[in-house]
Amino acid sequence: MTAAAGTTGIGPVLCVVGARPNFMKMAPILRALAGHRPPLPALLVHTGQHYDAEMNDRLFDDLRLPRPDVNLEVGSASHAVQTAEVMKRFEPVLDTQRPSCVVVVGDVNSTLACTLVAVKKHVPVVHVEAGLRSGDRRMPEEINRKLTDQVADRLYTTERGALDNLRREGVPEDRVAFVGNVMIDSLRHHRELARAPADTLRAHGVDPALLDHRHGWGVVTLHRPSNVDDAATLADVLGTLAEVAARLPLVFAMHPRTRANVERFGLQHLIDPRRIVVLPPQGYLEMLGLVAGAALVLTDSGGLQEETTALGVPCLTVRENTERPITIEQGTNTLVARDRGAILAAVADIVAGRGKRGRVPELWDGHAAERIADDLWRWLRSREEAVA
Ligand code: UD1
C-alpha cells in the first residue's frame, strides 16, 4: 500500500491508472494523499492497458510512481475487449480491498471501465479532469469522458468552462470542484530534472548538431486513429511533416500504433532521416526537455496541448477540435487540423518570431493535487458522518 492505512479510519483511496497519459496525472495525487495531514491511505491499481517499457516502465521511474499494488495486465485489444477485460479483472479488486472511493483520471478506456464497475458496486467514483468536451463523438475518449462524468460522485475540473459542459449534461453542480491541473503539477515538479535534448539524441546515436539549427527544432507526436490508421491520410500527414522539416528539423517521438502503420503501409521513404529524427516513445524527463526547448510542437495529443501552454511553447494541434479550449483562448495552442497550408503558414509565423505566447491559465500553479487531497478528505469525512 502506498500510504499507511488505518491512520484516518477512512478506507483506502483506490487510484487507477491504465495508459501513459494517466501516469503524470496520478503521480502528484498520490504524493498529495500521502502528504496530507492526516495522510489518506492509497492503493495504486494499474490496468495494464499500456504495458511495454517505453509506454510504461520508463514513465513510472521518471515520475517516481510507486509500483502498483495490483496489476490487471489487460494489454491491447479492441475497445470492447479491452474495456470488458478491465471490468472483469477490476471487480474482484473492489471486493478484496473495500476502498473508500475509486479515483480515475482522464479519458482512456481504463477510466470508464473502472468507473462502471465501481459505481455499480456503490463505491464512490472520483473523476479528475472532469468536464472536458471536444464535441466529437467519433473520439473514443469523448465517450469515455461523458459517461464517466455522468456517474461519478465527485468531479474535479481543470478549467472553469468544464463546469458549463457538466451543467449542460445535467450533472449537479455541488458534485463539481475547480481545482486546477494535476498534469501541470507534474510538469512543475520535474522541470528542473528534464533531460538535455542533446543527451536524448546522443542516447539514440543521433548527432545533436541538428538541434543547433538557426530556427531551433520542432517536436512531433501523432497517434490518433483519425490521423494514423488510414494509409492515404498518414501519407498526407508525413508529406506535410517533410515540408515543415524543410524549415526546421523535427524530432518525432513515435507512438507504437503510428510506427506499426508506417511500416504496414510502406511509408518509411517519406521520412528523411537528415531532417526528421524518429525516436521511440520517450520518457517523461526526455520529453520535457525536448518540448521545453522546442520552437514548436506539432501534435494530436491531449496532454501536450496543456504542457506547451504551461511552458509557453507554440503548439499546432493536428485535430479539428479540442476538449481543452483554454489552451487556445489563453495558451499557445492553435488548431490546424491536417490543413497543409494552415500548418505551413503557422510554422512560418513561428519561425519569424510571431508564434503565440499565451499565459498560464488559472490554478495551473503546481498545487492542484493538494487541493484535491484537501477536498477529498473533507468529502470522505462528510460521507462517513452522514452514514454514522
Ligand atoms: C490510448 C488512449 C488515448 C491516449 C493514448 C496515449 C484510449 C481509448 N486511448 O490510446 O486516449 O492518448 O493511449 O498513448 O484509451 N501498444 C504498444 N505498447 C503499449 C501499449 C500499446 O505497443 O504499451 C500498441 C498496441 O499494439 C496497440 C496500440 O499501441 O494496438 C494502441 O494501444 P491502445 O491502448 O489500444 O490505445 P492508444 O492508441 O495507445
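Up top is the structure these notes are about.
Attention here is on the structure that accompanies the text. (Residues numbered from 1 in each chain as written. Predicted model: local features only at pLDDT ≥ 70, side-chain atom pairs only at ≥ 80, totals over all residues. Heavy atoms only, no water.)

### Considerations on the packing of helix 1 (residues 20-35) against helix 2 (residues 53-62)
The geometry of helix 1 relative to helix 2 is characterised by a closest axis approach of 9 Å and an angle of 15 degrees between their N-to-C directions. The angle between helix 1 and helix 2 places the two elements in the roughly parallel class. Crossing of helix 1 against helix 2: the hand is right-handed. Contact with helix 1, carried on its side by Arg 20, Phe 23 and Met 24, involves Met 55, Asn 56, Leu 59 and Phe 60 of helix 2 and no other residues of that element. Grouping the constituent residues of the contact of helix 1 with helix 2 by class yields five nonpolar, one polar and one charged. (Axes fitted to C-alpha atoms, helices over the stretch in contact; angles between N-to-C directions. Helix = DSSP H or I, 4+ residues; strand = E, 2+ residues; numbered from the N terminus. Parallel < 35°, antiparallel > 145°, perpendicular 65-115°, else oblique. Left-handed = near helix turned anticlockwise from the far one by under 90°. Contact = heavy atoms within 4.5 Å. Nonpolar A, V, L, I, M, F, W, Y, C, P; charged D, E, K, R; others polar.)

### Overview of the site of the ligand
Within the structure, the ligand sits among 18 residues, and Gln 49, His 50, Asp 52, Asn 109 and Glu 141 are positioned closest to it. At 2.9 Å from an oxygen atom of the ligand is found a main-chain nitrogen or oxygen belonging to Tyr 51. Separating an oxygen atom of the ligand from a side-chain N or O atom of Arg 257 is a distance of 3.1 Å. Out of a free accessible area of 740 Å², the ligand has 84% covered by protein chains. Of all the secondary-structure elements, those providing two or more residues to the shell around the ligand are helix 1, helix 3 (79-97) and helix 11 (256-264). (Near = heavy atom within 4 Å. Polar contact = N/O pair within 3.5 Å; in protein donor to acceptor, adjacent residues only side chain to side chain. Areas by Shrake-Rupley, 256 points an atom, 1.4 Å probe, with all protein chains shown as cover.)

### Description of the nonpolar core
In this structure, Met 26, Ile 29, Leu 33, Val 103 and Leu 376 are the most contacted members of the largest nonpolar core, which totals 41 residues. When we break this core down by domain, the ones giving at least three residues each are domain 1 (13-180 + 364-387) and domain 2 (193-351). Aside from chain neighbours lying at most four places away, what touches Met 26 is Cys 15, Val 16, Val 17, Leu 44, Leu 65, Val 103 and Val 105. Residues Leu 238, Ala 245, Leu 248 and Leu 296 belong to the second largest nonpolar core, which totals 27 residues. (Core = buried A, V, L, I, M, F, W, Y, C linked by side-chain atoms within 4.5 Å. Buried < 20%, exposed > 50% of the residue type's maximum accessible area, 1.4 Å probe, protein only. Domains from an automatic or database assignment.)

### Here's the deal with unusual backbone geometry
The step from Arg 37 to Pro 38 runs through a cis peptide bond, and the omega angle for that step is -5 degrees. Here Pro 38 shows up in the loop between helix 1 and strand 2 (42-46). A positive phi is found at His 122, a non-glycine position, where the angle reads about 60 degrees. Relative to the elements of secondary structure, His 122 occurs in the loop between helix 4 (109-120) and strand 5 (125-128). Unusually for a residue other than glycine, Leu 363 sits at a positive phi of about 65 degrees. For Leu 363, a relative accessible area of 25% corresponds to the partly exposed category.

### Comments concerning the sheet that holds strand 6 (residues 154-157)
Across the sheet, seven strands lie side by side as 3-2-1-4-5-6-7; this open sheet has parallel pairing. Since the sheet does not close on itself, it has two edges, and those belong to strand 3 (70-71) and strand 7 (176-178), each with one partner. The sheet contacts of helix 4 involve strand 1 (13-17), strand 4 (101-105) and strand 5, and relative to strand 4 the element is tilted by about 160 degrees. (Pairing = 2+ DSSP bridges.)

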